[in-house]
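Fold and geometry: a report
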Amino acid sequence: MIGEEPVPPPPPQAAAPAPRIAPGSGGPATLGEPVARVALKPRRAQPFHFRHPWVFDGAVQRIEASGDFTTGSVADLITDSGEWVARGLLHTDANLKLRLYSWDPDRPLDRGLFAERIASAAHLRTRLFGAPSATDARRELFSEADGLSGLTVDRYGEYLAVQFTAGPLAAHAETVLDLLEAQFSPKGILIRTEKGMGEAEAIHLNDGVVRGEAPPEGFAVEENGLQWGVDLAVGQKTGLFLDQRDNRRAAADLIAAATPGAKVLDLFCYTGGFGLTALARGGAASVRGVDSSESALALAVMNAARHGSADACTWTAGKAFQVLDELKASGERFDAIVCDPPKMTRTRKSVENALRGYHQLNSSCLELLNPGGVLVTCCCSGLISREKFGQMLAGVAARVGRPLRILENRGAAPDHPTAPQIPESEYLKCLLCVAD
Ligand code: SAH
């Protein structure tokens, strides 16, 4: 076992030097030499020896600094007995106090380290998918799994959509953007900040085009051999849900094999990804798409027209639970149903509540599914494990009296890698099932 040294009793709280937190007072944070040391409470070092990169306030005993520091300042993580553990960036006013980026005491946390991580992530994608074309959409860098906790970089053709999810990294946004320009030579870079994340991490970046130019009107990318319109300025996520790319194809192929000529319900359809792929790959005869976002549905309508599928589609703007109740009451039934709701929980406290939501949703789906029908059910809540999601589904099958056979237990596409030491990074579950 790495790490857990015999632990001396903790020093009394009063004896611990008061953390010296001077947000902003040191001017902009600089990379390079550490300016502080974050000491852990006794017996809290193990996850960090195993390279989990998130040090929460609750694990921190004290912060030692010789000068001022601010959000984005470099700090070393040490055990309560002073042993060096790792190096990271501080947040002076978020619950997640320190993000770790280096486990090598001789490796400075500087521009060079960021450049290396960006290059390594890009190189992996090139090995996996080849050099990008002008219409390829893929995730070039995914936060923790690519060694840069709090940064996501999505490629949409020659444009990059960048999302900062860590305040300390956002403090170095200009450096990161310079490095992304140098690595990818994009025509434009846009910043997108997810509202909840921006608040939790106190990120104050201006969204929109920050380098180069905006994509042209009617901009589209290619996925599974089809063109998809994407609005990088107002679309959800960074524009498309790229993580589901391979699942859309797998679901379409299962529908073609198991329920050819299917009448498909695409719940939470966004811009039509699952349903339109099923139509294009020949398995579906018709698609009913449901989403609460009018602007997403406007793009779905355009995508259907692009694919020559407009006549086979009906789009309904509305809340899924309400539409499901109406469908049940109307007696309408489907041969295949895709259920891809947004993240239902961000906190451990609300996991049980979220599971009840998934239960209710999936029960309604099963009630609307013809015998032998295909259910594609997804969960993108990182805090709900695959095991818990499976248990929920077992409960649904038992309650509705429709035994389920899971044919494929899928995750995110390989440009969205996960890190084994960070269970939360395996956020996407996509189960391809047949209901008796
Ligand atoms: N399946 C889509 C991605 C779905 S993301 C794809 O393959 O691209 C989740 C979607 O749920 C978003 O489009 C969002 O607008 C929608 N949404 C969120 N809350 C909703 C609700 N209560 N009812 C219906 N749609 C909702």
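The shown structure was predicted, so the numbers you read here are calculated from the model rather than taken from an experiment.

Moving on to the packing of aromatic side chains. Throughout the structure, instances matching the rule amount to six aromatic pairs. Where tyrosine 101 meets phenylalanine 114, the ring centres are 6.3 Å apart and the plane angle is 70 degrees; that geometry is what we call edge-to-face. Of this pair, tyrosine 101 sits in strand β6 (residues 96-102) while phenylalanine 114 sits in helix α2 (residues 111-129), placing them 13 residues apart in sequence. With a relative accessible area of 1%, tyrosine 101 lands in the buried category.

In space, the six strands of this open sheet follow the order β2-β6-β5-β4-β1-β3, with mixed pairing throughout. The sheet is open, and its two edges are formed by β2 (54-56) and β3 (60-65), each paired on a single side. Strand-to-strand twist of the sheet, defined as the mean angle between neighbouring strand axes without regard to direction, takes the value 35 degrees. Bridge analysis of strand β5 (residues 84-90) against β6 gives four bridges, and the strand direction is antiparallel. When the sheet's bridge partners are listed, leucine 90 is paired in β6 with leucine 98.

Our focus in this paragraph is the pairing of strand β16 (residues 313-317). Note: strand β15 (residues 284-291) against β16, five bridges, orientation parallel. Residue pairing in the sheet places glycine 289 in a bridge with tryptophan 315 of β16. In this fold, the crossover linking β15 to β16 by way of helix α8 (residues 294-307) has right-handed handedness.

It is worth spelling out the site of the ligand at this point. By nearness alone, 15 residues border the ligand, and Gln236, Arg248, Asp291, Ala320 and Asp340 come closest of all. A distance of 3.0 Å is found between a nitrogen atom of the ligand and a backbone nitrogen or oxygen belonging to phenylalanine 268. In the environment of the ligand, a nitrogen atom lies 2.7 Å from a nitrogen or oxygen atom belonging to the side chain of aspartate 340. Within the complex, 89% of the 580 Å² of free accessible area of the ligand lies under protein. Here the shell around the ligand is built from residues that sort into seven nonpolar, four polar and four charged.

Another aspect to go through is the sheet that holds strand β8 (residues 151-156). Within the open sheet, the five strands sit side by side as β7-β8-β9-β10-β11. Their pairing is mixed. The strands lining the two open edges of the sheet, one partner per strand, are β7 (137-142) and β11 (208-212). On average, each strand axis in the sheet is tilted by 25 degrees relative to the strand beside it, whichever way the strands run.

With that settled, the discussion passes to the packing of helix α9 (residues 320-330) against helix α10 (residues 351-367). Running from N to C, α9 and α10 point in directions that differ by 30 degrees, and their axes come no closer than 10 Å. Taken as axis vectors, α9 and α10 run roughly parallel relative to one another. Between α9 and α10 lies a crossing whose hand is left-handed. Residues Phe321, Leu324 and Lys328 of α9 touch α10, and the partners they reach there are Gly357, Gln360, Leu361, Ser364 and Glu367. By residue class, the composition of the contact of α9 with α10 is three nonpolar, three polar and two charged.

Glancing now at the UniProt feature "domain: RlmI-like PUA" (unreviewed entry) in the protein chain. Mapped onto the present numbering, the UniProt feature "domain: RlmI-like PUA" (unreviewed entry) falls on residues 38-103. Annotation note: span residues 38-103, helix share 6%, strand share 47%, distance between end C-alpha atoms 14 Å.

Tyr156, Leu240 and Val376 are the most contacted members of the largest nonpolar core, which has 38 residues in total. The element that contributes the greatest number of residues to this core is helix α6 (residues 245-258), accounting for five residues. Looking at which domains feed residues into this core, each of domain 2 (111-218) and domain 3 (241-435) supplies at least three. Apart from residues lying up to four places away in sequence, tyrosine 156 is in contact with Asp136, Ala137, Ala161, Phe219, Val221, Val230, Leu232, Thr238, Gly239, Leu240 and Leu242. Judged by nonpolar contacts, the second largest core, of 30 residues, contains Leu267, Phe268, Ile384 and Met392.

Approximately 340 Å³ is the volume found for the second largest pocket. Along its surface, the second largest pocket is lined by 23 residues, and Val230, Asp231, Leu232, Val234 and Leu299 are the ones closest to its centre. In terms of residue count, α8 provides more of the lining of the second largest pocket than any other element does, five residues in total. Summarising the domain contributions, the lining of the second largest pocket has at least three residues from each of domain 2 (111-218) and domain 3 (241-435).

What counts and what doesn't
Residues numbered from 1 in each chain as written. Predicted model: local features only at pLDDT ≥ 70, side-chain atom pairs only at ≥ 80, totals over all residues. Heavy atoms only, no water. Phe/Tyr/Trp six-rings, centres within 6.5 Å; stacked < 30°, edge-to-face > 60°. Helix = DSSP H or I, 4+ residues; strand = E, 2+ residues; numbered from the N terminus. Buried < 20%, exposed > 50% of the residue type's maximum accessible area, 1.4 Å probe, protein only. Pairing = 2+ DSSP bridges. Axes fitted to C-alpha atoms, helices over the stretch in contact; angles between N-to-C directions. Right-handed = clockwise from strand over helix to strand, strands pointing away. Near = heavy atom within 4 Å. Polar contact = N/O pair within 3.5 Å; in protein donor to acceptor, adjacent residues only side chain to side chain. Areas by Shrake-Rupley, 256 points an atom, 1.4 Å probe, with all protein chains shown as cover. Nonpolar A, V, L, I, M, F, W, Y, C, P; charged D, E, K, R; others polar. Parallel < 35°, antiparallel > 145°, perpendicular 65-115°, else oblique. Left-handed = near helix turned anticlockwise from the far one by under 90°. Contact = heavy atoms within 4.5 Å. UniProt positions renumbered as here; feature names shortened; annotations may be inferred. Core = buried A, V, L, I, M, F, W, Y, C linked by side-chain atoms within 4.5 Å. Domains from an automatic or database assignment. 1 Å grid on protein atoms, 1.4 Å probe; cavity = no way out; pocket = protein on both sides within 12 Å on 5 of 7 lines; lining within 4 Å. Points joined across faces, edges and corners; volume = space filled by probe spheres on them.

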